[in-house]
Amino acid sequence: MSVVSTMSDAELCLVRAEFPALQINSQITFLDNAGGSQVLRRVADRIYDYLLHTSVQLGASYATSQLAGQRVLQARRDIAELINAADDREVVMGGSTTGLLFLLIQALYPSIQAGDEIILTNTDHEANIGAWQRLRQAGAIIKIWEVNPATFQLELDDLRSLLTPRTKWLAMTYASNVLGTINPIPQIAQIVHANGTRLCVDAVAYAPHRLVDVQASGADIVVFSFYKVFGPHYAVMWGRFPLLLEFANLNHFFIPDDNLPYKLQPGNVNFELSYGCAGIADYLVEMGKHFSPDDKTSHTRRALMQCAFDRFEAHENALAERLLSYLRCKDRVKIIGMESLSEGIYQRVPTISFVVADVQSETIVRHIDQYQIGIRFGDFYARHLIQALDLEKHGGVVRVSIAHYNTLDEIDQLIQHFDELLK
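Residues numbered from 1 in each chain as written. Predicted model: local features only at pLDDT ≥ 70, side-chain atom pairs only at ≥ 80, totals over all residues. Heavy atoms only, no water.

(A) The arrangement of the nonpolar core in detail. Counting residues in each nonpolar core, the largest one holds 90 residues, and the members touching the most others are Leu 82, Trp 145, Phe 224, Phe 226 and Phe 312. With 11 residues, helix 11 (residues 271-291) is the largest single contributor of residues to this core. When residues no more than four places from it in sequence are discounted, the contact partners of Phe 226 are Ile 79, Leu 82, Met 93, Gly 231, Pro 232, Tyr 234, Ala 235, Val 236, Cys 277 and Ile 280. Counting 32 residues, the second-largest nonpolar core is a separate cluster that includes Ala 131, Cys 200, Ile 221 and Met 237. (Core = buried A, V, L, I, M, F, W, Y, C linked by side-chain atoms within 4.5 Å. Buried < 20%, exposed > 50% of the residue type's maximum accessible area, 1.4 Å probe, protein only. Helix = DSSP H or I, 4+ residues; strand = E, 2+ residues; numbered from the N terminus. Contact = heavy atoms within 4.5 Å.)

(B) Spotlight on the pattern of salt bridges. Going through the model one piece at a time under the given rule, you end up with 25 salt bridges. Its salt-bridge partner being Arg 311, residue Glu 11 comes within 3.1 Å of it at the nearest N-O pair. Of this pair, Glu 11 sits in helix 1 (residues 9-16) while Arg 311 sits in helix 12 (residues 301-328), and the two are 300 residues apart along the sequence. We note that Glu 11, like Arg 311, is buried. Across the salt bridge formed by Glu 410 and Arg 16, the nearest N and O atoms sit 3.8 Å from each other. Here Arg 16 lies in helix 1 and Glu 410 lies in helix 15 (residues 408-422), a separation of 394 residues in the sequence. (Salt bridge = Lys/Arg side-chain N within 4 Å of Asp/Glu carboxyl O.)

(C) How the structure looks around the sheet that holds strand 12 (residues 346-348). Spatially, 6-12-11 is the arrangement adopted by the three strands of the open sheet, whose pairing is antiparallel. Looking at strand neighbours, the two that pair on one side only are strand 6 (181-182) and strand 11 (342-343), the edges of this open sheet. Where strand 11 and strand 12 come together, two bridges link them in antiparallel fashion. Of the residues in strand 12, the one forming a bridge with Ser 342 is Gln 347. (Pairing = 2+ DSSP bridges.)

The following block contains the structure:
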């Protein structure tokens, strides 16, 4: 975990200049970033450029079509680099995490036999629950790995007790979009792989705060949305190459089964959004050059991306700790998740949820709305978690979700307005 240290004014100025909305809507404070981050200028510029200069169908012999094809292919390679895929053909892109997971279920459906077991958690976004539950139609048995309501953690011993020789898949979140907990995915991968079980990870709430490394994760499938990571409303699913080859072909009958990722992208990718998403990697590299403490010439692009995320993490931790320390001091407040930045093998992202005794969560958020500060209330499509923790009576949780472009002053203003209700 990074040292708790905010960015300097100069660093923040550099970062915030990359996000036009922070200047255009300078009177608004964006603290609903887990719902969708602000978009990088370089992402928007790439989409604009693609649409104006190469908006043609791919695969033709004329020059503009050839250029368009090169741009889309290079974008896929850039995304492969961003997530550390071993082969860019492992990169499947589509409209949303929810949509990609439904495609995944269709692709592996023929491999499911009656009696096969699938483990889900009750902490996940519904995207990584509902799709998998459809495999009941193929005879799959669904088991639930339940969160410990006292610690708000998924206990590894509970997972071990659920595993049997029939367990084919575990589907779970890398970081909860309500609890903020980062699950120890590499350790979990070792446990399930020793059982002959495969692991599908929803990294939507993780990817804005840590550099995704699909190989180091140990997972078999990783999926997340770019619109949570400073890009457009688009998403990526990575899978290990041999596994993707096993999946059923979702494309036209004449598309070869080994044509990856095309066989899993019916209708092909969105060309301009794919091209735009590569701007996320460019941004991280550029920030890494500024934040790297030593000579940048020897750094790979991935190393520079890691430098950027290390600085982002330290800044976000400082902001998160400011808010957590305030909430911890309020007797009527219950933080839904870890009350500190780390506990043992668990860390957290700066997505902070809470409820207040005898106050509906909506009341708190509506109060904050008047100050043009964007936060949110509800279940955030983690309906099973909200029910398990008996939080429906509060109308769900209040959620504050911080991004690296937020400032300490913004958090202090939010705290000031919270205090008007929580004294």
